[in-house]
Amino acid sequence: SQTIHQWPATLVQPVGSPLSLECTVEGTSNPNLYWYRQAAGRGLQLLFYSIGIGQISSEVPQNLSASRPQDRQFILSSKKLLLSDSGFYLCAWSVHGGANTEAFFGQGTRLTVV
Amino acid sequence: QKEVEQNSGPLSVPEGAIASLNCTYSDRVSQSFFWYRQYSGKSPELIMSIYSNGDKEDGRFTAQLNKASQYVSLLIRDSQPSDSATYLCAVSRTSGTYKYIFGTGTRLKVLA
């Protein structure tokens, strides 16, 4: 069966510090991968998605970047965090190329920028 | 106009009643529709997916889709206090952008 791992679970970082969040998927090959952010009391905002190694699509211009160095690894980064980067970051995966496929989420990382 | 719209609630129903959650979407090319449940502080978990017009039942949950009206709903029968959560509606296309677009969610409170 497929599993998705995301870490760390919580993170407190000072303004201006760098960020690296990692997500890995097991039990499937060439998945579509996604990074979402959920601000407190808000919906899920799609940040980045990837349909293959090195293929990243950005949805919202901002202080963040994403990379996919390996087939089942997706990394969210920032060089300098802003207060507005605080939120609940969620990685998700879906089957690549399949019609009517569902997205499954990792456990999330709660980031607080202070 | 938001791509996916939901009433934020809270929707309060007594235990044992039917909870009805609604969602509208703006992109007529959307072909796949999903309902997720999210407990406070947790990540969303998939409850139902529906791809064709009509009803789809899974246990106490029924998803209803009307593509002509661009409307999808979720019915929860015999609501339990453990169903209290935020319910997120999501839509996607089956080709092209591979994006899942979410509504802001409806908060459901089941009163014991």
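See the structure above.
Residues numbered from 1 in each chain as written. Chains lettered and ligands numbered in written order. Predicted model: local features only at pLDDT ≥ 70, side-chain atom pairs only at ≥ 80, totals over all residues. Heavy atoms only, no water.

Draft legend 1. A look at the interface of chain A and chain B. Chain A puts 25 residues into the contact, and the matching count from chain B is 21 residues. Both faces combined, the contact of chain A with chain B buries some 1,800 Å², and carbon together with sulfur accounts for 56% of it. A salt bridge links B:Lys99 to A:Glu59, with the shortest nitrogen-to-oxygen separation between them at 3.1 Å. The interface formed by chain A and chain B holds 7 residue pairs in polar contact (both at pLDDT 80 or more) in total. Listed by contribution, the elements that provide at least two residues to the side of chain A that touches chain B are strand E4 (32–38), strand E5 (44–52), strand E9 (87–94) and strand E10 (104–105) of chain A. In the side of chain A that touches chain B, the residues fall into 12 nonpolar, 10 polar and 3 charged. (Contact = heavy atoms within 4.5 Å. Buried area = accessible area lost by both parts, 1.4 Å probe. Salt bridge = Lys/Arg side-chain N within 4 Å of Asp/Glu carboxyl O. Polar contact = N/O pair within 3.5 Å; in protein donor to acceptor, adjacent residues only side chain to side chain. Helix = DSSP H or I, 4+ residues; strand = E, 2+ residues; numbered from the N terminus. Nonpolar A, V, L, I, M, F, W, Y, C, P; charged D, E, K, R; others polar.)

Draft legend 2. Just the packing of aromatic side chains, in detail. Scanning the entire structure with this criterion turns up 13 aromatic pairs over all chains. Ring plane angle 80 degrees and centroid distance 5.4 Å describe the contact between A:Tyr34 and B:Tyr100, whose orientation is recorded as edge-to-face. Residue A:Tyr34 is located in strand E4, and its partner B:Tyr100 is located in strand E10 (residues 100–102); the two belong to separate chains. With relative accessibility at 2%, the residue B:Tyr100 sits in the buried group. Through successive ring pairs, a cluster of aromatic residues spans A:Tyr34, A:Tyr36, A:Tyr49, A:Phe105, B:Phe34, B:Tyr36, B:Tyr51, B:Tyr100 and B:Phe102. Above the face of the B:Phe61 ring, B:Arg60 is positioned so that its terminal group lies 5.5 Å from the ring centre. (Phe/Tyr/Trp six-rings, centres within 6.5 Å; stacked < 30°, edge-to-face > 60°. Buried < 20%, exposed > 50% of the residue type's maximum accessible area, 1.4 Å probe, protein only. Lys NZ or Arg CZ within 6 Å of the ring centre and 35° of its normal.)

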